[in-house]
Amino acid sequence: MDILLIGAGGREHALAWSLSASPLCDRLFVAPGNPGTEQHGTNVVLDIADAQAVIAFCRTMGIAFVVIGPEGPLVAGLVDDLKQAGIKAFGPSKAAAQLEGSKAFTKDLCAEFNIPTAAYRRFTDAQAAKAYIANHGAPIVVKADGLAAGKGVVVASTIEEAQEAVDMMFGGGFGEAGAEVVVEAFLEGEEASFFALCDGTTALPFGTAQDHKRVGDGDEGPNTGGMGAYSPAAVLTPELQARVMREIIEPTLAGMRQRGTPYTGILYAGLMLTESGPQLIEYNARFGDPETQVLLPRLSSDLLTALLAAVDGALDTVSLRFTDRAALTVVMAARGYPGTVEKDTAIHGVADAEALPDVLVFHAGTRQDGDRLLANGGRVLNITAMGRTITEAQHRAYEAVGRIDWPEGFCRGDIGWRAIQRERT
Ligand code: AMP
Ligand code: GLY
């Protein structure tokens, strides 16, 4: 069948790599894609925010299946629009994508269905939120309700800091996303991510990962979209994973179904592993970036078959297989990221890096200019490696990083440190 993949990042390169390897995949188109996705399919210029343009493209090219990477089009309802046009698409409906699109929606769902998460209150008024914070004390967490490109959360260590965050959000700091604010209790523990492939009724575990959100070594400095990730996250033991399925994922699926808005797609749960057990920090209604770059290299069964079964409500007939090898990805970013970066600097050595065994280079913010590869964004390359252990995967990944010749780029030198510390003991 012919497939259209929507998105342009490292996640989409990994998805394109995996989808194009399927025996069910004939032609793969990627909109807009990047030089990495172009190795596995055909990039097309298409306004992915324009559902009618996407539908028209699908009709012209005879696309049988659309896979949507980023949250924007999901929250805007692209899956509903495609479905209405008779085109199969992977991802949640607009109603179900609220699990990512609205923090207040998710907190209310957790409250209704007894899903463990931090205690919270919703506010549409700054005065009331600030009074609540003063009363509650710090540390405390302030979140803009809507999509804020991963930046809508302030973990405040003082009352003043939390109240400033409230003013900033209601003052339009995150635009419409901050029209409502959620204030929640601070959770202590180690963070980990759990993924489940869902067909509305059945959820299949799709792997675990941990990422590094801070820009600098030792998890210091400003937050980013993610500077690296690895899978599996050993901290999520089989027992804890079973608990996450039973206490968090399955009640979410049941609740969404009961409300008449079943969840289909990949459900990405950000968890805090607290003393009293796993608690939900947030849901994403899509694959993670860069988590996908470590999940998919570990998947040994066919991705496309699994995604189709999810859309067809047939996951009970599918079994997913994963290798027990580890994967680790190091994000190479342009200097200045997550602030302003210089564009169009030349990158060399990608083929040399890829020539190493067990190494994959996924493109994120790159651009091809004739035979030159140029940086074209903040996060630019994802240098991914496999190994028997995270320690071995890390070693290979940094060996590959050493072969990339890009003076204007940088990366963290300690991706995987938590897991490596754990493997040492
Ligand atoms: P989110 O965008 O909801 O994933 O939040 C971004 C980051 O803020 C998370 O990855 C956590 O590190 C932190 N965070 C969010 N909520 C809490 C909480 N209730 N307690 C402690 N840290 C939190
Ligand atoms: N790496 C975090 C995310 O994809 O949201």
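What counts and what doesn't
- Residues numbered from 1 in each chain as written.
- Chains lettered and ligands numbered in written order.
- Predicted model: local features only at pLDDT ≥ 70, side-chain atom pairs only at ≥ 80, totals over all residues.
- Heavy atoms only, no water.
- Helix = DSSP H or I, 4+ residues; strand = E, 2+ residues; numbered from the N terminus.
- Buried < 20%, exposed > 50% of the residue type's maximum accessible area, 1.4 Å probe, protein only.
- Contact = heavy atoms within 4.5 Å.
- Phe/Tyr/Trp six-rings, centres within 6.5 Å; stacked < 30°, edge-to-face > 60°.
- Lys NZ or Arg CZ within 6 Å of the ring centre and 35° of its normal.
- Pairing = 2+ DSSP bridges.
- Axes fitted to C-alpha atoms, helices over the stretch in contact; angles between N-to-C directions.

Draft legend 1. Geometry of the environment of Met 61. Within the secondary structure layout, Met 61 lies in helix α2 (residues 51-61). Classification of Met 61 by relative accessible area gives partly exposed; the value is 23%. With 39 residues separating them along the chain, Met 61 and Glu 100 place their C-alpha atoms 31 Å apart. When sequence neighbours within four positions are dropped, the list of residues in contact with Met 61 reads Asp 2, Arg 27 and Phe 29.

Draft legend 2. The packing of aromatic side chains, seen in detail. Considering all chains together, one arrives at seven aromatic pairs under this definition. Pairing Phe 206 with Phe 322 gives two aromatic rings, centres 5.4 Å apart and planes at 85°, and the pair type is edge-to-face. Of the two residues, Phe 206 sits in strand β11 (residues 203-211) while Phe 322 sits in the loop between α11 (303-311) and β17 (326-334), which places them 116 residues apart along the sequence. Each residue in the set Phe 90, Phe 206, Phe 287 and Phe 322 is aromatic and connected to the rest through ring pairs, giving one cluster. When the ring centre of Phe 105 is taken as reference, the NZ or CZ atom of Arg 259 above it lies at 5.3 Å.

Draft legend 3. Broad picture of the sheet that holds strand β8 (residues 153-156). Reading across from one edge, β6-β9-β7-β8 is the order of the four strands in this open sheet, with antiparallel pairing throughout. Of all strands in the sheet, those with a lone pairing partner are β6 (120-123) and β8, marking the two edges. Taking each pair of neighbouring strands and ignoring which way they run, the sheet shows an average axis angle of 20°.

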